[in-house]
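Take a look at the letters that make up each chain.
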Amino acid sequence: MVTRRTVMATSAATAGVGVAGAVGYRLWSDQEPASPPETDPKGRLLWRNWSGIQSAYPAARAAPAGEDELASLLKTAQGPIRPVGAGHSFMPLATTDGTLLSLDRMSGVIDHDPATLTARVRAGTRLGDLGPALAAIGQEMPNLPDINKQSLGGALGTGTHGTGRGLKAIHGEVLSFRLATAAGEILDCDPERNADIFNAARVNLGAFGVVTEVTLKNRPLTRIHKRVEIRDFHDTCDDWPRLKAVHRNVEFYAIPFTGKAAVITADVTNLPLKPRGPDTDASATMELKSLRDVFGWSAPLRRWVAERLIADIPPQDMVDDGWKLLSNDRPIKFNEMEFHLPQETQIEVLKTVVSTIEARRSDVFFPIEVRTIEADDAWLSPFFQRSSGSVAVHAYYKDDHQFLFDLIEPIFRRYGGRPHWGKLNTLGESDFRGLYPRWAEAMAVRAQLDPGGRFLNPYLRKALIPS
Ligand SMILES: Cc1cc2nc3c(=O)[nH]c(=O)nc-3n(C[C@H](O)[C@H](O)[C@H](O)COP(=O)(O)OP(=O)(O)OC[C@H]3O[C@@H](n4cnc5c(N)ncnc54)[C@H](O)[C@@H]3O)c2cc1C
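Bear in mind the structure is a predicted one, so any value in this text is a computation, not a measurement.

1. Topic: the overall build of the chain
Move 1: Looking only at helices and strands, the chain has 14 helices and 20 strands in total.
Move 2: Counting only C-alpha atoms and orienting by the principal axes, one finds that the chain spans roughly 70 × 55 × 40 Å.
Move 3: Long-range pairs, those at least 24 residues apart, make up 73% of the contacts in the chain with a sequence separation of at least 6.

Okay, here's the thing in structure tokens:
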């Protein structure tokens, strides 16, 4: 399939080069973004996030092996102290010229209870390692995000979520956690003990302290049938209420300039195993890029070619344990903005975003992701008391992403969207205060835990402290 599409894309590209040349159109040429120096003038080593847009030169880096070591380190560490997981956030959350603190050495399942399907997990555990570890004890997390590279602490830090009917973000399944404070104390937090901290810091931006371990409410290991199907974009939008009602997990990617959408569903099954094959998403994305590169000068022609390339792609089916299928590899780097919206506005927002991109930004080729998340009661959760529909817009890492701020963010904001804490946005404290009903209480808890602001870097001061 890919081979056929690749052949078609290549021949289409060749034809397009000729046409583009004839009209004097400049084809896109890839340019690797400039890389910051590996060390700063003081010899400090460079740290960068996954997509490369955030960087820092921390004065100190620490990776404590346990709570005692962490607690004593916190008492003296040079601020800003920034916990870091896998560095997969797009915002400058972990950047610091003080202390960068990794929990990579504090990972793994501590213990579990088969009767209640709970597990106590160290916060440095990567979600990709947690899947098999939980499977070994007959459990799985109720839902997973699009990738599983994140650490558990990092995922909780930004309200990381997946998609699905009645399914909450990861922090929505947290029963308790332990928090190491700026003073080096270790606090147990749950609905009874330190309840305010439990409510304020289940989504925490690493601004309240360092989460060391988490008790997760899981469910029995389940086999699922995952299907990926290309459909008409407008039909998919019309069918979205039904899709959300009948499938356990459902999302779709609106593919701009094609009139198509890729619909991904996952449902519990007892069908025989059909493991996922080699990843085809990355090559499909690069084919969309080829289309952009060659036909970006003519939206009708780009769509005409896309319709022919995409028309007869058959659905893909996979059957396996949920943790093996729900998350994906995303080898092609991008920058991303995602807002969480009242569910009833999601499709209207999406259509506005797609038509804006198609009218104004012919360089965009990444599909736009559409998901659904159940409400929860964590004070800084973007889903606080609101079942949400999310819309996420991506820009290839070599392309300009300023349009996300200039064109897309104002649309999201018009509809009362709350930004994903880890993804691009320009909001500051007064904006967040207006979006989060329990903001003041959460900030009071934060100030009490870290009166000196040792966990705050310049971005967190802008986001959390009134100017
Ligand atoms: C390719 C890609 C796909 C993605 N897909 C999704 C998706 O499907 N759904 C979604 O919601 N998001 C998604 N994201 C965003 C990502 O899940 C979040 O940004 C997440 O926070 C990253 O986790 P991390 O371990 O890399 O944390 P980092 O980015 O390193 O840190 C995130 C925050 O958590 C804090 N933190 C880390 N560890 C701790 C700790 N132990 N205690 C206290 N604070 C801590 C940090 O200080 C920081 O504020 C995606 C990102 C990428 C790059």
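2. Considering the site of the ligand
Move 1: Inspection of the region around the ligand gives 33 residues, with Gly85, Gly153, Gly154, Gly157 and Gly206 positioned closest.
Move 2: Elements supplying a minimum of two residues to the shell around the ligand: strand 4 (81-84), helix 4 (152-158) and strand 11 (210-217).
Move 3: By residue number, the principal contributor to the shell around the ligand is helix 4, which donates five residues.
Move 4: Along the lines of polarity and charge, the residues of the shell around the ligand split into 14 nonpolar, 16 polar and three charged.

3. Observations concerning helix 13 (residues 439-449)
Move 1: Of the residues making up helix 13, those classed as buried are Ala442, Met443, Val445, Arg446 and Leu449. The buried residues of helix 13 occupy one face: seen down the axis, they fall within an arc of 155 degrees. Exposed and oriented more than 90 degrees from the buried face of helix 13 are Ala440 and Ala444.
Move 2: Its buried side turned inward, helix 13 meets helix 5 (195-201) and helix 14 (458-464).

4. Things to note about the nonpolar core
Move 1: Counting 107 residues, the largest nonpolar core has Leu179, Val214, Ala254, Ala262, Val353, Ile368 and Val391 as the members making the most contacts within it.
Move 2: If we ignore the near neighbours within four places in the chain, the residues touching Ala262 are Val228, Ile230, Phe252, Tyr253, Ile255 and Pro367.

5. Considerations on the confidence of the model for the chain
Move 1: Across the chain, the average pLDDT comes to 94, with 94% of residues at or above 70.
Move 2: Counting contacts from residues 1-14, a segment whose pLDDT is below 50, to residues more than four positions away or on other chains yields 14 contacts.
Move 3: Contacts from residues 20-24, a stretch scored under 50 in pLDDT, to residues over four places away or in other chains number five contacts.

6. What to know about the sheet that holds strand 4
Either a parallel or an antiparallel arrangement is found when strands of a sheet pair, and the pairing is made through backbone hydrogen bonds.
Move 1: The strand order 3-5-4 describes an open sheet built from three strands, whose pairing is parallel. A single partner strand is all that each edge strand has here, and the edge strands are strand 3 (60-62) and strand 4. The sheet shows a mean angle of 20 degrees between the axes of neighbouring strands, taken without regard to direction.
Move 2: By the bridge criterion, four bridges tie strand 4 to strand 5 (residues 99-102) in an arrangement that is parallel. Bridging from a neighbouring strand, Arg82 pairs with Leu100 of strand 5.

7. A word on the sheet that holds strand 10 (residues 186-189)
Move 1: With respect to topology, five strands assemble into an open sheet ordered 6-7-11-9-10, the strand pairing being antiparallel. Each edge of the open sheet is held by one strand with a lone partner, namely strand 6 (109-113) and strand 10. This sheet shows a mean twist of 15 degrees between the axes of neighbouring strands, independent of strand direction.
Move 2: Against the sheet, helix 2 (residues 67-76) engages strand 9 (174-180), strand 10 and strand 11, with an angle of about 50 degrees to strand 9.

8. So, the packing of helix 10 (residues 346-360) against helix 11 (residues 402-414)
Move 1: Put simply, helix 10 and helix 11 touch, their axes get as near as 10 Å, and they point 160 degrees apart. One element, helix 10, and the other, helix 11, form an angle in the roughly antiparallel class. As helix 10 runs across helix 11, the sense of the crossing is right-handed. The residues of helix 11 that touch helix 10, namely those facing Val349, Thr352, Val353, Thr356 and Arg360, are Leu407, Ile408, Ile411 and Phe412.
Move 2: In terms of residue class, the contact of helix 10 with helix 11 is made up of six nonpolar, two polar and one charged.

9. Comments concerning helix 11
Move 1: Look at helix 11: 18 Å from first C-alpha to last across 13 residues, which is about the 18 Å you get at 1.5 Å a residue.
Move 2: Along helix 11, the helix axis deviates most sharply at Ile408, where the bend reaches about 40 degrees; the proline Pro410 sits within four residues downstream.
Move 3: Residues of helix 11 that are buried include every one of Leu404, Ile408, Glu409 and Phe412, and no others.
Move 4: Looking at the buried positions of helix 11, the neighbouring elements they touch are strand 17 (334-342), helix 10 and strand 19 (388-396).
Move 5: A positive backbone phi angle near 75 degrees is found at Gly416, which sits one or two residues after helix 11.

10. Things to note about unusual backbone geometry
Move 1: A cis amide bond, omega -15 degrees, links Gly79 with the succeeding residue Pro80.
Move 2: Structurally, Pro80 is set in the loop between helix 2 and strand 4.
Move 3: Of note, the phi angle at Leu117 is positive, near 55 degrees, even though the residue is not glycine.
Move 4: Residue classification places Leu117 among the partly exposed positions, given that 19 C-beta atoms sit within 10 Å.

11. Description of the pairing of strand 6
Move 1: With four bridges joining them, strand 6 and strand 7 (residues 118-122) adopt antiparallel strand pairing. Looking across to strand 7, one finds that Asp111 is bridged to Arg120.
Move 2: Count of turn residues in the strand 6/strand 7 antiparallel hairpin: four residues, of which Leu117 carries a positive phi of about 55 degrees.

12. Some words on the environment of Asn425
Move 1: Looking at the element boundaries, Asn425 is found in the loop between strand 20 (418-419) and helix 12 (429-435).
Move 2: Not counting the four nearest positions on each side in its chain, Asn425 is found in contact with Met337, Glu409 and Pro419.

13. Remarks on the environment of Val109
Move 1: Position of Val109 among the secondary structure elements: in strand 6.
Move 2: Residue classification places Val109 among the partly exposed residues on the basis of 18 C-beta atoms within 10 Å.
Move 3: Distance from Val109 to Ala133, taken between C-alpha atoms, is 7.1 Å for residues 24 residues apart in sequence.
Move 4: The residues contacting Val109, other than those within four sequence positions of it, are Ala119, Val121 and Ala133.

14. Examining the environment of Pro342
Move 1: One can find Pro342 in strand 17.
Move 2: Separated by 44 residues in sequence, Pro342 and Arg386 place their C-alpha atoms 6.8 Å apart.
Move 3: In this view, Pro342 contacts Arg386 and Gly416; residues no more than four positions away in its chain are not counted.

About the cut-offs
- Residues numbered from 1 in each chain as written.
- Predicted model: local features only at pLDDT ≥ 70, side-chain atom pairs only at ≥ 80, totals over all residues.
- Helix = DSSP H or I, 4+ residues; strand = E, 2+ residues; numbered from the N terminus.
- Contact = placed C-beta atoms within 7 Å.
- Near = placed C-beta within 6 Å.
- Nonpolar A, V, L, I, M, F, W, Y, C, P; charged D, E, K, R; others polar.
- Buried ≥ 20, exposed ≤ 12 C-beta atoms within 10 Å, placed from the backbone.
- Arc of directions from axis to C-beta.
- Core = buried A, V, L, I, M, F, W, Y, C linked by C-beta atoms within 7 Å.
- pLDDT = per-residue confidence, 0-100.
- Pairing = 2+ DSSP bridges.
- Axes fitted to C-alpha atoms, helices over the stretch in contact; angles between N-to-C directions.
- Parallel < 35°, antiparallel > 145°, perpendicular 65-115°, else oblique.
- Left-handed = near helix turned anticlockwise from the far one by under 90°.
- Expected span 1.5 Å × (residues − 1).
- Bend = angle between axes of the 7 residues up to and from the residue.

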